[in-house]
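# Geometric and topological summary
Here is how the chains run, residue by residue.
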Amino acid sequence: MRQQFTGWPEQAMDVLWQLQGEPTHATRERCRADRERLVRQPMIALLNEVADIDPRYEDFSVWHYRTDSWWWQHQGAVIRLGRKIEIGLRFDLDGLRIQGAWWYPDPGQVDMFRKAVASEGSGRELSAIVEDVRKKGYDISGDVMKRPPRGYPTDHSRTDLLRHRSLIAARPLGCEEWLHTPEAVDRVLSAAADLDALLTWLVRHVKRAA
């Protein structure tokens, strides 16, 4: 039976506190069951509810812990929208963080992105979208070349975007009381709406390798 999302229990933070630093194998094993129940399972329940509300978000994964301490201290998840295009979520002691990302591109995707950026219509559209997302409080980053790519003028009006080999918009959603309530679903959907125009543009122009 699917778990209904009611928020992360406050005890989830206690578990994550115990896993800070370099937890021993014994500490990890002692915390494993509680971490699964209090940290990971609520993320699964959250994304099931998000997908029920908007079917575009049905293709998601919620990460396991692996061997590195970082994975025990941060609960990650992704919603896939296109090839190497996704929404990422992370829950940890800082609260919940969201990002919209096109990254780790397939061969050919960077060329497709640059052509779309250089094109007057699609390029102006992306420039306006990125500026709007930035104004909403998102940090814009990615793998950015120091120089404009070959074949494009150095004085191109969108040279900053042309230098990107990946594009990420991210911001923290906070660590307030709503994390422990069903309101977190609405917070995630609202942030996803902030990112919708950017991710839609990326799906349209770079979702497949050339």
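This section reports on the structure supplied with the text. Not measured: the values here are computed from a predicted model.

### Focus on the pairing of strand β6 (residues 167–174)
- With respect to burial, β6 is a largely interior element, six of its eight residues being buried.
- In the sheet, strand β4 (residues 95–102) pairs with β6 via seven bridges, with the strands oriented antiparallel. The residue bridging Ile-98 from the neighbouring strand is Arg-171, located in β6.
- The sheet contact formed by strand β5 (residues 139–141) and β6 spans three bridges and is antiparallel. Each bridged residue has a counterpart across the sheet, and for Ile-140 the counterpart in β6 is Ala-169.

### Structural notes on the state of the cysteines
- Applying the stated criterion to the full structure yields zero disulfides.
- Cys-31 forms no disulfide, and the closest cysteine sulfur to it belongs to Cys-175, at a distance of 18 Å.

### Details of the pairing of strand β3 (residues 85–92)
- In terms of residue burial, β3 counts as a mostly covered element, since seven of its eight residues are buried.
- Relative to β3, strand β2 (residues 75–82) runs antiparallel, the two sharing seven bridges. Among the inter-strand pairings, Ile-79 is bridged to a residue of β3, identified as Ile-87.
- Adjacent in sequence and paired antiparallel, β2 and β3 are bridged by two residues, among which Lys-84 carries a positive phi angle near 65 degrees.
- Alignment of β3 against β4, held across eight bridges, turns out to be antiparallel. Bridged to Gly-88 within β4 is Gln-99.

### Regarding the environment of Met-13
- Here Met-13 shows up in helix α1 (residues 11–18).
- Classification of Met-13 by relative accessible area gives buried; the value is 12%.
- Put simply, Met-13 and Phe-91 are 78 residues apart on the chain and 9.9 Å apart in space, counted from C-alpha to C-alpha.
- With sequence-adjacent residues up to four places away left out, Met-13 is seen in contact with Phe-91, Asp-92, Leu-93, Cys-175 and Leu-179.

Calculation rules
- Residues numbered from 1 in each chain as written.
- Predicted model: local features only at pLDDT ≥ 70, side-chain atom pairs only at ≥ 80, totals over all residues.
- Heavy atoms only, no water.
- Buried < 20%, exposed > 50% of the residue type's maximum accessible area, 1.4 Å probe, protein only.
- Helix = DSSP H or I, 4+ residues; strand = E, 2+ residues; numbered from the N terminus.
- Pairing = 2+ DSSP bridges.
- Disulfide = S-S within 2.5 Å.
- Contact = heavy atoms within 4.5 Å.

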